[in-house]
Amino acid sequence: MEQMNQALQQYWDYLRIERRVSPHTLTNYQRQMKAIGKLFELQGITQWRQVTPSLVRFLLTESKKSGLHEKSLALRLSVLRRFLAFLVRRGVLQVNPAEGISAPKQAKHLPKNIDEAQVAKLLDNHSKEPIDIRDRAMLELTYSSGLRLSELQGLNLNAVNLRAREIRVLGKGNKERILPFGQHALHALQAWLKVRLLFNPKDQALFVSQRGNRISPRTIQKRMETWGIRQGLNSHLNPHKLRHSFATHMLEASADLRAVQELLGHSNLATTQIYTHLDFRHLAQVYDAAHPRAKRKK
């Protein structure tokens, strides 16, 4: 164990003097390596050369059993991998036994959606100020069509068909899709187009800043955040939360996962399933009710 501790001390000196890591980071690394060292000691490990890929996997398994969540497991593995890489550079080890081993995937935390009553409250603002008319049009269109921030920001005038109530957007991978929008979004867009010229637009961007330039993603985020505060929304408002709410409400009303996938522009149906918090039990109910060879005999 003395040799192991000496190697650790050399590593701490390297991080502190050569890498100049912060005291906070150093403390976190030391805490993780202390826990790792205790577990290795219980397995009879007295030299770092004895560490194998199997032992690293065992470490992750035991750490998970002790209550560590995915994020903490990933941190523990990262700290060990970096330390072992240091030993490889120093010639103590020939290979890094933690290289190529993956930590459990971390769960994706999606924003909570806004319920329909909150959406109604959010959009219940009919200010005649031109900037408010613009912002309301952006909110209505984002929620009505489930737009990504980049899709909203990139819209041009010729992408909007008011008569057909459709917009043409360019999504991820430069994939174009046509999306419908509702009556409320139509009225909001019509009101915006009547005052848009007051901003002296410099190009064909649908939504422009007060200086006439295409509105930036950051400005859209800030304006939506401010709008949510003004309307008394009890959570932080951003474009993605509106998109998420659109998907959730559409799915709750229709139970048509495939249609929601098309509207969102997802290439993978599994992405839509996760994105909308659709649980397997609901999927099974839809399947049992719809599939001709799944229906139960009465």
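The chain goes by Tyrosine recombinase XerC in an unreviewed UniProt entry, where it is assigned to Mesocricetibacter intestinalis. Its UniProt record gives the chain a comment under Sequence similarities (unreviewed entry), which states: "Belongs to the 'phage' integrase family. XerC subfamily." What the UniProt record of the chain gives under Subcellular location (unreviewed entry) is the line "Cytoplasm".

A. Highlighting the overall build of the chain. For the chain, the helix and strand inventory stands at 13 helices and three strands. By residue count, 39% of the 298 residues in the chain fall in the buried class. Summarising the internal contacts of the chain: among those between residues at least 6 apart in sequence, 57% fall at separations of at least 24.

B. Spotlight on a positive patch on the surface. On the surface, Arg19, Arg82, Arg89 and Arg90 cluster together into a positively charged patch. Within the fold, Arg19 resides in the loop between helix 1 (2-18) and helix 2 (23-42).

C. Representation of the layout of surface pockets within the structure. Quantified by volume, the second largest pocket comes out at close to 250 Å³. In this structure, the second largest pocket is lined by 14 residues; those nearest its centre are Val119, Leu123, Glu140, Tyr143 and His184. Considering every element that reaches the lining of the second largest pocket, the biggest residue donor is helix 6 (residues 130-145), with four residues. The residue makeup of the lining of the second largest pocket, split by class, is five nonpolar, five polar and four charged.

D. The arrangement of the environment of Leu60 in detail. Assignment of secondary structure puts Leu60 in helix 3 (residues 53-65). Classification of Leu60 by relative accessible area gives buried; the value is 9%. Put simply, Leu60 and Leu77 are 17 residues apart on the chain and 7.5 Å apart in space, counted from C-alpha to C-alpha. Setting aside residues up to four positions removed in sequence, Leu60 forms contacts with Leu73, Leu77, Ile101 and Ser102.

E. Region of interest: the sheet that holds strand 3 (residues 176-180). Taking strand neighbours across the sheet as the criterion, the three strands line up as 1-2-3 in an open arrangement whose pairing is antiparallel. Every other strand in the sheet has two partners, leaving strand 1 (160-161) and strand 3 as the edge strands with one partner each. Relative to strand 3, strand 2 (residues 166-170) runs antiparallel, the two sharing five bridges. Bridging from a neighbouring strand, Ile167 pairs with Leu179 of strand 3.

F. Molecular detail of the pattern of salt bridges. Tallied over the full model, the rule gives 10 salt bridges. Two residues, Arg134 and Asp135, come together in a salt bridge whose shortest N-O distance is 2.9 Å. The buried category is assigned to Arg134, whose relative accessible area is 2%. Looking at Asp135, the relative accessible area reads 2%, which means it is buried.

G. Geometry of the side chain of Arg148. With respect to the helices and strands, Arg148 occurs in the loop between helix 6 and helix 7 (149-153). On the accessibility criterion, Arg148 (11% relative accessible area) is buried. Here the side chain of Arg148 touches Glu151 through a polar contact of 2.6 Å, side chain to side chain. In this structure Arg148 touches Gly171, Lys172, Arg177, Arg243, Leu264, Gly265 and His266, once residues within four positions along its chain are discounted.

H. Focus on the pairing of strand 2. Of the two faces of strand 2, the one lined by Ile167 and Val169 is fully buried and the one lined by Glu166, Arg168 and Leu170 carries no buried residue. Taking the residues that link successive antiparallel strands as the turn, the strand 1-strand 2 hairpin has four residues, and the phi of Arg165 there is positive, at about 55 degrees.

I. Local environment of the nonpolar core. Residues Leu141, Leu152, Trp192 and Phe207 are the most contacted members of the largest nonpolar core, which totals 45 residues. Of all elements in the fold, only helix 5 (116-122), helix 6, strand 2, helix 8 (183-195), helix 9 (217-230), helix 10 (239-254) and helix 11 (257-264) reach the threshold of two or more residues within this core. With seven residues, helix 6 is the largest single contributor of residues to this core. Once residues lying within four places of it in the same chain are set aside, the contact partners of Leu152 are Met138, Leu141, Thr142, Leu147, Phe207, Ile220 and Met224. Among the nonpolar cores identified, the runner-up in size contains 30 residues, and Leu39, Val56, Leu59 and Ala98 belong to it.

J. Quick look at helix 8. Helix length check: helix 8, at 13 residues, gives a terminal C-alpha distance of 19 Å against a target of 18 Å (1.5 Å per residue), a fit within 8%. Taken together, the buried positions of helix 8 are Ala185, Leu186, Ala188, Leu189, Trp192 and Val195.

K. Inspection of unusual backbone geometry at higher detail. Here the phi dihedral of Arg165 falls at roughly 55 degrees; this positive angle occurs in a residue that is not glycine. For Arg165, the position within the fold is in the loop between strand 1 and strand 2.

L. Broad picture of the packing of helix 2 against helix 3. Contact geometry for helix 2 and helix 3: axes closest at 11 Å, N-to-C directions at 110 degrees. By the angle between their directions, the pair helix 2 and helix 3 is classed as roughly perpendicular. Every pair of crossing elements has a handedness; the one defined by helix 2 and helix 3 is right-handed. Of helix 3, the residues touching helix 2 (which contributes Ile36, Leu39 and Phe40) are Leu55, Phe58, Leu59 and Glu62. Classifying every residue of the contact of helix 2 with helix 3 by side-chain character gives six nonpolar, no polar and one charged.

How each quantity is defined
Residues numbered from 1 in each chain as written. Predicted model: local features only at pLDDT ≥ 70, side-chain atom pairs only at ≥ 80, totals over all residues. Heavy atoms only, no water. UniProt positions renumbered as here; feature names shortened; annotations may be inferred. Helix = DSSP H or I, 4+ residues; strand = E, 2+ residues; numbered from the N terminus. Buried < 20%, exposed > 50% of the residue type's maximum accessible area, 1.4 Å probe, protein only. Contact = heavy atoms within 4.5 Å. Patch = residues over 30% accessible without salt bridge, like charges linked within 9 Å, V, L, I, M, F, W, Y side chains within 5 Å. Areas by Shrake-Rupley, 256 points an atom, 1.4 Å probe, with all protein chains shown as cover. Salt bridge = Lys/Arg side-chain N within 4 Å of Asp/Glu carboxyl O. Lys, Arg positive; Asp, Glu negative; His and termini not counted. Charge placed at Lys NZ, Arg CZ, Asp CG, Glu CD. 1 Å grid on protein atoms, 1.4 Å probe; cavity = no way out; pocket = protein on both sides within 12 Å on 5 of 7 lines; lining within 4 Å. Points joined across faces, edges and corners; volume = space filled by probe spheres on them. Nonpolar A, V, L, I, M, F, W, Y, C, P; charged D, E, K, R; others polar. Pairing = 2+ DSSP bridges. Polar contact = N/O pair within 3.5 Å; in protein donor to acceptor, adjacent residues only side chain to side chain. Core = buried A, V, L, I, M, F, W, Y, C linked by side-chain atoms within 4.5 Å. Expected span 1.5 Å × (residues − 1). Axes fitted to C-alpha atoms, helices over the stretch in contact; angles between N-to-C directions. Parallel < 35°, antiparallel > 145°, perpendicular 65-115°, else oblique. Left-handed = near helix turned anticlockwise from the far one by under 90°.

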